[in-house]
Amino acid sequence: EWRVPTTVKVQFADVRRDAQAAAKQAIDALLLIGAKKNASSIQSANGFYGVAKLGFSWQGDDVLPFAGILNLSRVLQRLLNQPGGEQLHCFVQELVPDVVCEHRVLCFRNEREGPQRFVREHLWLRMKTRGEHHNHQAACEVHSFALASAKVVSDLEAGREFFGGDADAVHEVVATTDFLADKWLLWFLSEDAEPPPVTRLDFLVSWRIGGK
């Protein structure tokens, strides 16, 4: 319901001790969670595609895809052993398939209208070229993977470019992300009774012709 990919956290200490064992443990945990969520999603650890990322990473600087245990072990070492790095853990999650764009919702607090009222702006962003990585090109071994770019397009362009001219798909994404933004803004209140003055929520949009 919250549209969050299955995610686990890997400790730096475990990677430093045995990166391959840490990678296997992470993928096994993701497979177990995935099987509980969807019994038909059975995969093998060596054929598992996912993404590893550091928290607070700006513009995908420290987001890398992986395929299987050995590739994940290399990615974990790459991300956690950077010069000057102070991260104590890394997030590892399943790969979102069929991503056509990123949809961002900018939420600006409007206290004059009420304590939990926000003005929202929806943005559509193109993806970068598949296999391109501005910060870790040598470590990006999944060449079908694409990061979001900073190139914004209009609703009309989004419908034509991302959804084959399907205007209903555009409206569905906007409605779905508005619904999810409501839920995440409420979650912020559980973390702090003072709502954030501004926040940006990023959603990967997965779509294929003839589907949703």
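Worth saying up front: this structure is predicted, and the values here are computed from it rather than measured. Position numbers for residues start from 1 in each chain and track the written sequence from start to end. Only residues with pLDDT of at least 70 get local features here, since the model is predicted, and only at 80 or more are side-chain atom pairs given and counted; chain-wide, interface and lining totals rely on the full set of residues. As a rule here, side-chain values come from all non-hydrogen atoms in the structure, and water together with hydrogens is ignored.

Visitor: Looking at this model, I keep getting lost on the pairing of strand β5 (residues 99–109). Mind explaining?
Guide: Within a regular beta strand, the side chains point alternately toward one face of the sheet and then the other, so they alternate between its two faces. When a residue's accessible area, from a 1.4 Å probe over protein chains only, is under 20% of the maximum for its type it is buried; when over 50% it is exposed; and in between it is partly exposed. Strands here are runs of E lasting at least two residues and helices are runs of H or I lasting at least four, both read from the DSSP assignment and numbered beginning at the N terminus. Counting buried positions along β5 gives eight out of eleven residues, so the element sits mostly inside the fold. Strands were regarded as paired on the criterion that DSSP finds at least two bridges between them. Bridge analysis of β5 against strand β8 (residues 198–206) gives nine bridges, and the strand direction is antiparallel. Residue pairing in the sheet places V105 in a bridge with L201 of β8. Inspection of the sheet shows β5 paired to strand β6 (residues 118–127) by eight bridges, in the antiparallel sense. Within β6, the position partnered with R104 by the bridge is L123.

Visitor: Looking at this model, I keep getting lost on helix α4 (residues 155–162). Mind explaining?
Guide: Side chains that are three or four residues apart share a direction in an α-helix, a result of its 3.6 residues per turn. Among the residues making up α4, those that are buried are A158, G159 and F162. Buried residues along α4 cover an arc of 105° about the axis, so they all sit on one side. Counted as exposed and oriented over 90 degrees from the buried face of α4: L156 and R160. Lining the buried residues of α4 we find β5, β6, β7 (148–153) and α5 (167–191). Where α4 terminates, the next one or two residues include G164, which has phi positive at roughly 60°. Here, the arc refers to the directions that run from the helix axis to the C-beta atoms. Residues are treated as being in contact if the distance between any of their heavy atoms lies within 4.5 Å.

Visitor: What am I meant to see in helix α3 (residues 68–80) here?
Guide: Between its first and last C-alpha, α3 extends 18 Å over 13 residues, near the 18 Å set by a 1.5 Å rise per residue. Here α3 has its buried residues at G68, I69, N71, L72, S73, V75, L76, L79 and L80. Each helix should span, by expectation, one fewer than its residue count multiplied by 1.5 Å.

Visitor: How should I be thinking about the sheet that holds β6 in this particular structure?
Guide: Strands in a sheet are paired, the pairing made by backbone hydrogen bonds, and the direction either parallel or antiparallel. Within the open sheet, the four strands sit side by side as β7-β6-β5-β8. Their pairing is antiparallel. Edge positions in the sheet fall to β7 and β8, since each has one partner strand and no second. Between one strand axis and the next, the sheet turns through 35° on average, direction left out of account. The angle between two axes is taken between their N-to-C directions and runs from 0 to 180 degrees, where each axis is a line fitted to C-alpha atoms and a helix contributes only its stretch in contact. Here α4 sits on the sheet in contact with β5, β6 and β7, set at roughly 40° to β6. In this fold α5 packs onto β5, β6 and β8, with an angle of close to 125° to the strand it touches most, β6.

Visitor: Please explain the pattern of salt bridges as it appears in this structure.
Guide: Any two side chains of opposite charge can pair, on the condition that their charged atoms come close. Only one rule defines a salt bridge in this text: a Lys or Arg side-chain nitrogen within 4 Å of an Asp or Glu carboxyl oxygen. Following the criterion strictly, the structure yields 13 salt bridges and no others. As a salt-bridge pair, D28 and K24 come within 2.7 Å of each other at their nearest N and O atoms. Pair noted here: D28 and K24 are both in helix α2 (residues 19–37), with a separation of four residues, about one helical turn. We classify D28 as partly exposed; its relative accessible area is 31%. A salt bridge links R74 to E141, with the shortest nitrogen-to-oxygen separation between them at 2.9 Å.

Visitor: Help me understand unusual backbone geometry in this model?
Guide: Among all residues save glycine, negative phi is the norm, and among peptide bonds the norm is trans. Its identity is not glycine, yet Q59 carries a phi of approximately 55°, on the positive side. Note that Q59 resides in the loop between β2 (49–53) and β3 (63–67). Phi at D98 takes a positive value of approximately 55°, unusual for a residue other than glycine. On the secondary structure map, D98 appears in the loop between β4 (89–94) and β5.

Visitor: How should I be thinking about the side chain of T6 in this particular structure?
Guide: Inspection of the secondary structure puts T6 in the segment before β1 (7–11). Not counting residues within four places of it along the chain, the set of residues in contact with T6 comprises L30, I33, K37, V92, Q93 and E94.

Visitor: Please explain the packing of aromatic side chains as it appears in this structure.
Guide: Given two aromatic rings, one states the distance between the centres and the angle between the planes to describe the pair. Centre distance within 6.5 Å is the pairing criterion for rings of Phe, Tyr and Trp, where only the six-membered ring of Trp is used; planes under 30 degrees apart are then read as stacked, over 60 as edge-to-face, and the remainder as tilted. Counted under the stated rule, the structure contains six aromatic pairs. Ring centres of W124 and F163 lie 5.8 Å apart, and the angle between their planes is 75°; this geometry places the pair in the edge-to-face category. Note that W124 is positioned in strand β6 and F163 in the loop between α4 and α5, a separation of 39 residues in sequence. Owing to a relative accessible area of 2%, F163 belongs among the buried residues under this scheme. Measuring from ring centre to ring centre gives 5.6 Å for W187 and F188, while their planes differ by 55°; the resulting arrangement is tilted. Through successive ring pairs, a cluster of aromatic residues spans W124, F162, F163 and W207.

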